[in-house]
Amino acid sequence: WRKCPQTTGSVALFGLAAAFYDFDGGGGWTVQKVSVIGLVFVYIAAYQLSFGPIAWLLISEVFPLEVRGQAVALAVQANFASNLLVAFLFPVARDGLSDLLGDAWGMSALFATFGAVAVYALYFVHRHVPETKGMSLEAIERFLAGEESAASMRSPLISSGAGDVEDA
């Protein structure tokens, strides 16, 4: 069910890339500025309904019980460190792309890059992240350790209804 918000978020990022082309940061409201604000809101909403929870669910399910507490703590620190890195490098990347491509294209190229990463993330999640709804942490651990076959798991995040294994 997360496919629609993930796709919407990716489209919003590419929309931001278009909206930021030759952006005029001067005073007053323009269609361009309202578009940027609206697309940012759409992206944030889509992210909170799709990719946002996926990271937190994955880190709570992927580690074996013996090391789960420490591993989740380390994964959370890595997540926040990555967010900090992106926040600090955003102005550097914006300025570098503006110098390379010109002021009219700098922000557009940056948001197009974010859009491309979001499209890859969409592909990755739908291709490689199994649906674990209704499964116990022990069953997930057995599957990820290779003790259960993939046939015992539901298809990755897209359930057709046919062939789903009933939970024990």
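Procedures and definitions
- Residues numbered from 1 in each chain as written.
- Predicted model: local features only at pLDDT ≥ 70, side-chain atom pairs only at ≥ 80, totals over all residues.
- Heavy atoms only, no water.
- Phe/Tyr/Trp six-rings, centres within 6.5 Å; stacked < 30°, edge-to-face > 60°.
- Helix = DSSP H or I, 4+ residues; strand = E, 2+ residues; numbered from the N terminus.
- Buried < 20%, exposed > 50% of the residue type's maximum accessible area, 1.4 Å probe, protein only.
- Core = buried A, V, L, I, M, F, W, Y, C linked by side-chain atoms within 4.5 Å.
- Contact = heavy atoms within 4.5 Å.
- Salt bridge = Lys/Arg side-chain N within 4 Å of Asp/Glu carboxyl O.
- Expected span 1.5 Å × (residues − 1).
- pLDDT = per-residue confidence, 0-100.
- Axes fitted to C-alpha atoms, helices over the stretch in contact; angles between N-to-C directions.
- Parallel < 35°, antiparallel > 145°, perpendicular 65-115°, else oblique.
- Left-handed = near helix turned anticlockwise from the far one by under 90°.
- Nonpolar A, V, L, I, M, F, W, Y, C, P; charged D, E, K, R; others polar.

A word on the packing of aromatic side chains
Here is step 1 of the chain: If you walk through the whole model with that rule in mind, you get ten aromatic pairs.
Here is step 2 of the chain: Look at Phe90 and Phe111: their rings are 6.1 Å apart centre to centre, the planes differ by 70 degrees, and that puts the pair in the edge-to-face class. Of this pair, Phe90 sits in helix α4 (residues 68-101) while Phe111 sits in helix α5 (residues 103-128), and the two are 21 residues apart along the sequence.
Here is step 3 of the chain: For Phe90, a relative accessible area of 23% gives the class partly exposed.
Here is step 4 of the chain: Overall, the relative accessible area of 11% leaves Phe111 in the buried class.
Here is step 5 of the chain: Chaining the aromatic ring pairs together yields one cluster made of Phe20, Phe23, Phe90, Phe111 and Phe114.

Some words on the nonpolar core
Across soluble globular proteins, nonpolar side chains show a tendency to be buried alongside one another.
Here is step 1 of the chain: Counting nine residues, the largest nonpolar core consists of Leu13, Leu16, Ala17, Ala19, Phe20, Val36, Met107, Phe111 and Ala118.
Here is step 2 of the chain: It is helix α1 (residues 3-19) that contributes the most residues to this core, four residues altogether.
Here is step 3 of the chain: The residues contacting Ala19, other than those within four sequence positions of it, are Gln32, Ser35, Val36 and Leu39.
Here is step 4 of the chain: One finds Phe51, Leu122, Val125 and Val129 within the second-largest nonpolar core, a separate group that totals five residues.

A word on the environment of Ala112
Here is step 1 of the chain: Looking at where Ala112 falls in the secondary structure, it is placed in helix α5.
Here is step 2 of the chain: For the pair Ala112 and Phe14, spaced 98 residues apart in sequence, the C-alpha to C-alpha distance is 5.5 Å.

As for the pattern of salt bridges
Here is step 1 of the chain: Evaluation of the coordinates by the stated rule reveals two salt bridges.
Here is step 2 of the chain: Arg68 serves as the salt-bridge partner of Glu141, at 3.8 Å between the closest nitrogen and oxygen. Of this pair, Glu141 sits in helix α6 (residues 137-144) while Arg68 is found in helix α4, placing the two residues 73 residues apart along the sequence.
Here is step 3 of the chain: Taking the shortest distance from any N to any O, the salt bridge between Asp95 and Arg94 comes out at 3.2 Å.

A few points about α5
Here is step 1 of the chain: An ideal rise of 1.5 Å per residue puts 38 Å on 26 residues; α5 measures up with 38 Å between its terminal C-alpha atoms.
Here is step 2 of the chain: The complete set of buried residues in α5 reads Ala104, Gly106, Met107, Ser108, Ala109, Leu110, Phe111, Gly115, Ala118, Leu122, Val125 and His126.

A few points about the confidence of the model for the protein
Here is step 1 of the chain: Model confidence for the protein is summarised by a mean pLDDT of 83, while 86% of its residues fall at 70 or above.
Here is step 2 of the chain: Averaged over each element, pLDDT in the protein is lowest for α6 (81) and highest for α4 (94).
Here is step 3 of the chain: Across residues 157-168, confidence stays below pLDDT 50; counting only partners more than four residues off in sequence or on other chains, it has 17 contacts.

With respect to the side chain of Ser98
Here is step 1 of the chain: Looking at where Ser98 falls in the secondary structure, it is placed in helix α4.
Here is step 2 of the chain: Excluding its chain neighbours within four sequence positions, the residues that come into contact with Ser98 are Asp103 and Gly106.

Digging into the packing of helix α3 (residues 51-61) against α4
Here is step 1 of the chain: It is the contact of α3 with α4, at a shortest axis distance of 9 Å, that shows an interaxial angle of 150 degrees. Accordingly, the angle class assigned to the pair α3 and α4 is roughly antiparallel. α4 is crossed by α3, and the crossing has right-handed handedness. From α3, Trp56, Ile59, Ser60 and Glu61 reach across to α4, where they touch Arg68, Val72, Ala75, Val76, Asn79 and Phe80.
Here is step 2 of the chain: For the contact of α3 with α4, the residue count by class is six nonpolar, two polar and two charged.

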